[in-house]
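Read off the chains here:
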Amino acid sequence: MEDSATAQDPILVFDGDCAFCQAAIRQIRARARPRMFAASWQSLPEPLVRPHLQRLDREVLLLDQGSALRGGSAALASYLGTSPARCYRGMALCLRLPVVSLLARQIYRWVAVNRHRMPTGTAACALPRPHH
């Protein structure tokens, strides 16, 4: 956790059971050094994450005092936007452009569905199957 992060700061929340998700966040932290705190939903207090469990199984969420502000690529753009490095803040701005954000959402969905097939992915990374 960043020293400056408090309970009032937004938190990027990811699936800690997914090795691919853990590796991706670890890489972003190492390279972009975002100032925002990121944590697995499994490590957070249950009342904070309970309302969002269905989404948290499928996407990262930006939570602020229990409310989901953004999910998926938009949440990652917010996370990158807190980097001290200008290039990562610029990348975050680009991800917010209308056409780019649409493409980023589609790519994010594809990666999320296939995260168990990605490098470092395991069977535990697979999204829950829809009930028919």
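Just above, that's the structure.
Residues numbered from 1 in each chain as written. Predicted model: local features only at pLDDT ≥ 70, side-chain atom pairs only at ≥ 80, totals over all residues. Heavy atoms only, no water.

A. Broad picture of the nonpolar core. Counting 18 residues, the largest nonpolar core has Leu12, Phe14, Ile25, Ala38, Val60, Leu76 and Tyr79 as the members making the most contacts within it. When residues of this core are traced back to their parent elements, those giving at least two are strand S1 (11-14), helix H1 (19-32), helix H4 (72-80) and helix H6 (98-113). With near-sequence residues (within four places) excluded, Leu76 lies in contact with Leu12, Ile25, Ile28, Val60 and Tyr108. (Core = buried A, V, L, I, M, F, W, Y, C linked by side-chain atoms within 4.5 Å. Buried < 20%, exposed > 50% of the residue type's maximum accessible area, 1.4 Å probe, protein only. Helix = DSSP H or I, 4+ residues; strand = E, 2+ residues; numbered from the N terminus. Contact = heavy atoms within 4.5 Å.)

B. Structural context of the sheet that holds strand S4 (residues 67-71). With mixed pairing, four strands are arranged side by side in an open sheet as S2-S1-S3-S4. Only two strands of the sheet have a single partner each, and these edge strands are strand S2 (37-40) and S4. Within this sheet the neighbouring strands show an average axis-to-axis angle of 35 degrees, counted without direction. By the bridge criterion, three bridges tie S1 to strand S3 (residues 61-64) in an arrangement that is antiparallel. Opposite Val13, over in S3, you have Leu61 as the bridge partner. H1 rests against S1 and S2 of the sheet, and its axis sits at about 150 degrees to S1. Lying over the sheet, H4 contacts S1, S2, S3 and S4, oriented at roughly 95 degrees with respect to S4. (Pairing = 2+ DSSP bridges. Axes fitted to C-alpha atoms, helices over the stretch in contact; angles between N-to-C directions.)

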